[in-house]
Amino acid sequence: MALPENPAIAVPADAEAYCVKCKATRKVTQGEIVTVKNGKLALKGKCEVCGTTMMKFLPKKKEEGDRPGAAKSVAPAENPAGGAEAVSPSDPAL
């Protein structure tokens, strides 16, 4: 199974990851952005102290309207007759 193509993403010079061998956060040398089997992006490189391979999973890029705590627009529920249902303020399901 072929992995998806990696987008051209520059690795910052000050990128850091946790080194399991050193048990500390270290700078990454020879860093590159890779796509793992499940499709997630990760930073892969070597520990600057001991040379062990390190990986750090990267967060998803947030889309423009995707903010924590932002209200999501929800379409009104439709009843079987075809019209939108009216929700009263005294509805206990709210």
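Keep in mind the model is a prediction, meaning the values are calculated, not measured.

## A look at the pairing of strand S4 (residues 53-57)
Inference 1: By the bridge criterion, five bridges tie strand S3 (residues 41-47) to S4 in an arrangement that is antiparallel. Across the sheet, Gly-45 pairs through a bridge with Met-54, a residue of S4.
Inference 2: In this antiparallel pair of consecutive strands, S3 and S4, the connection spans five residues, and Gly-51 shows a positive phi of 85°.

## Focus on the nonpolar core
Inference 1: If you look at the biggest cluster of nonpolar residues, it comprises eight residues: Ala-15, Ala-17, Cys-19, Val-28, Ile-33, Leu-43, Cys-47 and Met-54.
Inference 2: Secondary-structure elements contributing two or more residues to this core are strand S1 (16-19), strand S2 (24-35) and S3.

## Focus: the sheet that holds S2
Inference 1: Read across the sheet, four strands follow the order S1-S2-S3-S4 without closing on themselves; strand pairing throughout is antiparallel. Looking at the sheet topology across the chains shown, the edges are occupied by S1 and S4. Along the sheet, successive strands turn relative to each other by an average axial angle of 50°, direction set aside.
Inference 2: Taken together, the six bridges between S2 and S3 define a ladder with antiparallel strand orientation. If you follow Thr-29 over to S3, its bridge partner there is Lys-46.

## Things to note about the environment of Thr-35
Inference 1: Along the chain, Thr-35 falls in strand S2.
Inference 2: For Thr-35, a relative accessible area of 11% corresponds to the buried category.
Inference 3: In this structure the C-alpha to C-alpha distance between Thr-35 and Phe-57, which are 22 residues apart in sequence, comes to 9.6 Å.

Rules behind the numbers
Residue positions are given per chain, counted from 1 along the sequence in the order it is written. This being a predicted model, a pLDDT of at least 70 is required before a residue's local features are given, and a value of 80 or more before pairs of side-chain atoms are given or counted; all residues contribute to the totals for chains, interfaces and linings. The side-chain values count all of the structure's non-hydrogen atoms but skip hydrogen atoms and water molecules. Pairing between strands is defined by DSSP: at least two bridges between the two strands are required. Starting at the N terminus, helices and strands are each numbered in turn, a helix being any DSSP run of H or I of at least four residues and a strand any DSSP run of E of at least two. Throughout this description, the term nonpolar core refers to a set of buried Ala, Val, Leu, Ile, Met, Phe, Trp, Tyr and Cys residues connected via side-chain atoms within 4.5 Å. For each residue, the accessible area found with a 1.4 Å probe, counting protein chains only, is set against the maximum for its type, and the residue is called buried under 20%, exposed over 50%, and partly exposed in between. Orientation is described by axes fitted as lines to C-alpha atoms, over the contacting stretch for helices, and by angles from 0 to 180 degrees between their N-to-C directions.

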